[in-house]
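Now for the letters of each chain:
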Amino acid sequence: GAVVSQHPSRVICKSGTSVKIECRSLDFQATTMFWYRQFPKQSLMLMATSNEGSKATYEQGVEKDKFLINHASLTLSTLTVTSAHPEDSSFYICSASIPGQGTNTEAFFGQGTRLTVV
Amino acid sequence: AQSVAQPEDQVNVAEGNPLTVKCTYSVSGNPYLFWYVQYPNRGLQFLLKYITGDNLVKGSYGFEAEFNKSQTSFHLKKPSALVSDSALYFCAVRAPGNTPLVFGKGTRLSVIA
């Protein structure tokens, strides 16, 4: 299947600093990527939809100024957690689907990023 | 709005026994249903999907799922469980188009040797 690569897999940062997480589609171009957040022992919650060449669409309750999303190319979307606080500690996962295949195709997920803010 | 429910937080099964992980869905229109598995600190791996056609869908690692329209269910099954099947399983649904998945809360499967 298609490959989505996410980096880094783990990051520890100090409160008040910013962290950038990268999501790359390695063997296909993704005009749309999705960012999810997963709390311990809970499901994945959609944070935002990343659109290549335009602004991201954020879900209700997600602060767009805190979680900056940049989708500058067809193979790369980045999520930057700005001024991180301990409550931002979580597992962040990106996903993408092969365009043009609509609902018939499954989503491919990155490996996830475990963010710990100390 | 699309939604899925996984009524069981945890399922325990002995190795070699059949396993079932339950999922029910609520959608407007045709359902597009998926099962994913997650190992600790990892992303999600696709197992199988139902789009249309046969109600019994076969997927990766010997898993299968049965789509039941009248019961709005899409239960995941495997005839003989392995210890390595122990993981977190998510049922998901998506609307038409390139839209995000909506996940159930997940079911932790524990296969005991």
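Treat the numbers as computed from the prediction; the structure is a model and nothing was measured.

Asks: Hey, could you run me through the sheet that holds strand β7 (residues 67-73) of chain A in this one?
Replies: Neighbouring strands of a sheet are bound in pairs by backbone hydrogen bonds; such pairs are parallel or else antiparallel. Residues and elements named next belong to chain A. Reading across the sheet, the four strands line up as β1-β3-β8-β7 and stay open at both edges, with antiparallel pairing between neighbours. Unpaired on one side and paired on the other, β1 (4-7) and β7 mark the two borders of the sheet. Across this sheet, the average inter-strand angle for adjacent strands is 15°, counted without regard to direction. The pairing of β1 with strand β3 (residues 19-25) spans four bridges and is antiparallel. The residue bridging Ser-5 from the neighbouring strand is Arg-24, located in β3.

Asks: Help me understand the environment of Met33(A) in this model?
Replies: Residues and elements named next belong to chain A. Here Met-33 shows up in strand β4 (residues 32-38). A C-alpha to C-alpha distance of 15 Å links Met-33 and Thr-80, two positions 47 residues apart in sequence. In contact with Met-33, other than residues within four places in its own chain, are Cys-23, Arg-24, Ser-25, Ala-48, Thr-49, Ser-50, His-71, Thr-75, Leu-76, Ser-77, Ser-95 and Ala-96.

Asks: Help me understand the layout of surface pockets in this model?
Replies: Its volume calculated, the largest pocket comes out at about 320 Å³. As for the largest pocket, its lining consists of 17 residues, of which Phe108(A), Phe109(A), Leu44(B), Gln45(B) and Phe46(B) are closest to the centre. Those elements giving two or more residues to the lining of the largest pocket turn out to be β10 (108-109) of chain A together with β6 (44-50) of chain B. It is β6(B) that provides the largest number of residues to the lining of the largest pocket, a total of three residues. In terms of residue class, the lining of the largest pocket is built from 10 nonpolar, six polar and one charged. Considering only enclosed or pocket space, the second largest pocket measures out at about 220 Å³ in volume. Along the walls of the second largest pocket sit 14 residues, with Gln38(A), Arg114(A), Gln38(B), Leu88(B) and Arg108(B) positioned nearest its centre.

Calculation notes
Residues numbered from 1 in each chain as written. Chains lettered and ligands numbered in written order. Predicted model: local features only at pLDDT ≥ 70, side-chain atom pairs only at ≥ 80, totals over all residues. Heavy atoms only, no water. Pairing = 2+ DSSP bridges. Helix = DSSP H or I, 4+ residues; strand = E, 2+ residues; numbered from the N terminus. Axes fitted to C-alpha atoms, helices over the stretch in contact; angles between N-to-C directions. Contact = heavy atoms within 4.5 Å. 1 Å grid on protein atoms, 1.4 Å probe; cavity = no way out; pocket = protein on both sides within 12 Å on 5 of 7 lines; lining within 4 Å. Points joined across faces, edges and corners; volume = space filled by probe spheres on them. Nonpolar A, V, L, I, M, F, W, Y, C, P; charged D, E, K, R; others polar.

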